[in-house]
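# Observations on chain architecture
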Amino acid sequence: MTDEIILFSIMGVMLAAAVGVLVPSLLRVLRCQDGDAPDGDAEYGRELAGALQEQLARLDEDRRSGAVTEAEYEDMLEDIRRRAVEEHRAVVFDPNAEPGRVRDGRVPGALIVSSVIAGMIAVSAGVYWLQGAPEVIRLLKDQTVIEGTAGIDALKVYLKDNSRDGRAWVLLARRYIEAENYAEAAFAYREGRRVYTKVREDPEIMLELGATLLTLGTPEAFAEAQPVIQLARDRDPENMKAVELLAMAAAGNQDWSTAADQLTLLLRSMSPDTPEYLRYEQTVKMLRAKADAAQTESKR
């Protein structure tokens, strides 16, 4: 939700800037158009008034000379008045149009400006809602990757364009482990080690991959895990976690001798008075017995 809020905030600023540039120019055009119309209408009105005044003067003269009777004078005067009203309306209104419509088809400037702004808002909001701004969203999500706070979906989007970023693959693997999706986690660890040398050479990453494979528990996973953990053990001989994981991997691969050797190293770091020491000591004896039996069997 935070991404969407930021996105629409940016859209609002950009839209306000666009309106600020467009509306003043539009208002200037409308003022110029409105300024042209009254001059033409005023000229037409003056000519109309002059013609009617001339007709009225002639009618008065005919009345005084007796050329028309009083009844004829009243009828003709009423006709002049009617024509004056109709012609005045024709200057502003189209007699064939709907009531209230301007003769020249002009729409009020305020309505035009309001329509333009409403259209810009509707189009911009619609496009952002449907399509978004991929560059902005991607920038925000990339930042979460850099900060190490990105989730699985954000990391997958990021890695589509940054597949050589080994650290991002490791972060994705750890997110999958949190979700208990160990198969995808193992894949992400492998990709991180494949594309980035520093990740491949990091003993800690080796142990994370090894532990993930041991959690999968398949024969193929055990076979893949042992050499990876062995390499981490060689890089960091004092790391007892590596020793323990190597013992587990070797036991899973029925490499009894290696498993026994690793548990013997663990025993050297433990106090003999602990229950764990006694349990591991029994396990070492069992592993030695299995190793001897396997060696005997191979000689036959």
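## Some thoughts on the overall build of the protein chain
Along the backbone of the protein chain there are 13 helices and zero strands. Scanning the protein chain from its N terminus toward the C terminus, one meets helices and strands in the order α-α-α-α-α-α-α-α-α-α-α-α-α. For the protein chain, the proportion of contacts with a sequence separation of at least 24, taken over those separated by at least 6, is 52%. Surface summary for the protein chain: the accessible area is close to 19,100 Å², and the carbon and sulfur share equals 56%.

## A closer look at the pattern of salt bridges
Scanning the model with the defined rule gives seven salt bridges in all. Of the charged contacts, one joins arginine 175 and glutamate 178 as a salt bridge, the two residues approaching to 3.3 Å between their closest N and O atoms. With a gap of three residues between them, arginine 175 and glutamate 178 both fall in helix H6 (residues 166-178), about one helical turn apart.

## Regarding the confidence of the model for the protein chain
Mean pLDDT over the protein chain works out to 78, with 64% of the residues at or above the 70 mark. Ranking the elements of the protein chain by mean pLDDT puts helix H4 (residues 134-147) last, at 51, and helix H7 (residues 182-195) first, at 97. Within the model, pLDDT remains below 50 along residues 97-105, and this stretch shows 11 contacts once partners closer than five positions in the same chain are excluded.

## Here's the deal with the packing of aromatic side chains
Tallying each qualifying case throughout the model produces one aromatic pair. Ring centres of tryptophan 169 and phenylalanine 187 lie 6.2 Å apart, and the angle between their planes is 80°; this geometry places the pair in the edge-to-face category. Taken together, the positions of tryptophan 169 in helix H6 and phenylalanine 187 in helix H7 put the pair 18 residues apart, joining distant regions of the chain. Just above the ring of tryptophan 256 sits the side chain of lysine 290; from NZ or CZ to the centre is 4.8 Å.

## Considerations on the packing of H6 against H7
As a packed pair, H6 and H7 sit with axes 8 Å apart at the nearest point and diverge in direction by 165°. Between H6 and H7, the interaxial angle falls into the category roughly antiparallel. The hand of the H6/H7 crossing is left-handed. On H7, the residues that touch Gly166, Trp169, Val170, Leu172, Ala173, Arg174, Tyr176 and Ile177 of H6 are Tyr182, Glu184, Ala185, Phe187, Ala188, Tyr189, Glu191, Gly192 and Val195.

## A word on helix H9 (residues 203-216)
In this model H9 runs 20 Å from its N-terminal to its C-terminal C-alpha over 14 residues, within 8% of the 20 Å that 1.5 Å per residue would give. Listed in full, the buried residues belonging to H9 are Ile205, Met206, Leu207, Glu208, Leu209, Gly210, Thr212, Leu213 and Leu214. Summarising the contacts, the buried residues of H9 are in contact with H6, H7, helix H8 (197-200), helix H10 (219-235) and helix H11 (240-252). The N-cap residue of H9 is aspartate 202: its side-chain oxygen and the backbone nitrogen of glutamate 204 are 2.9 Å apart. Of the residues flanking the end of H9, it is glycine 217, one or two places downstream, whose phi is positive at about 75°.

What counts as what
- Residues numbered from 1 in each chain as written.
- Predicted model: local features only at pLDDT ≥ 70, side-chain atom pairs only at ≥ 80, totals over all residues.
- Heavy atoms only, no water.
- Helix = DSSP H or I, 4+ residues; strand = E, 2+ residues; numbered from the N terminus.
- Contact = heavy atoms within 4.5 Å.
- Areas by Shrake-Rupley, 256 points an atom, 1.4 Å probe, with all protein chains shown as cover.
- Salt bridge = Lys/Arg side-chain N within 4 Å of Asp/Glu carboxyl O.
- pLDDT = per-residue confidence, 0-100.
- Phe/Tyr/Trp six-rings, centres within 6.5 Å; stacked < 30°, edge-to-face > 60°.
- Lys NZ or Arg CZ within 6 Å of the ring centre and 35° of its normal.
- Axes fitted to C-alpha atoms, helices over the stretch in contact; angles between N-to-C directions.
- Parallel < 35°, antiparallel > 145°, perpendicular 65-115°, else oblique.
- Left-handed = near helix turned anticlockwise from the far one by under 90°.
- Expected span 1.5 Å × (residues − 1).
- Buried < 20%, exposed > 50% of the residue type's maximum accessible area, 1.4 Å probe, protein only.
- Polar contact = N/O pair within 3.5 Å; in protein donor to acceptor, adjacent residues only side chain to side chain.

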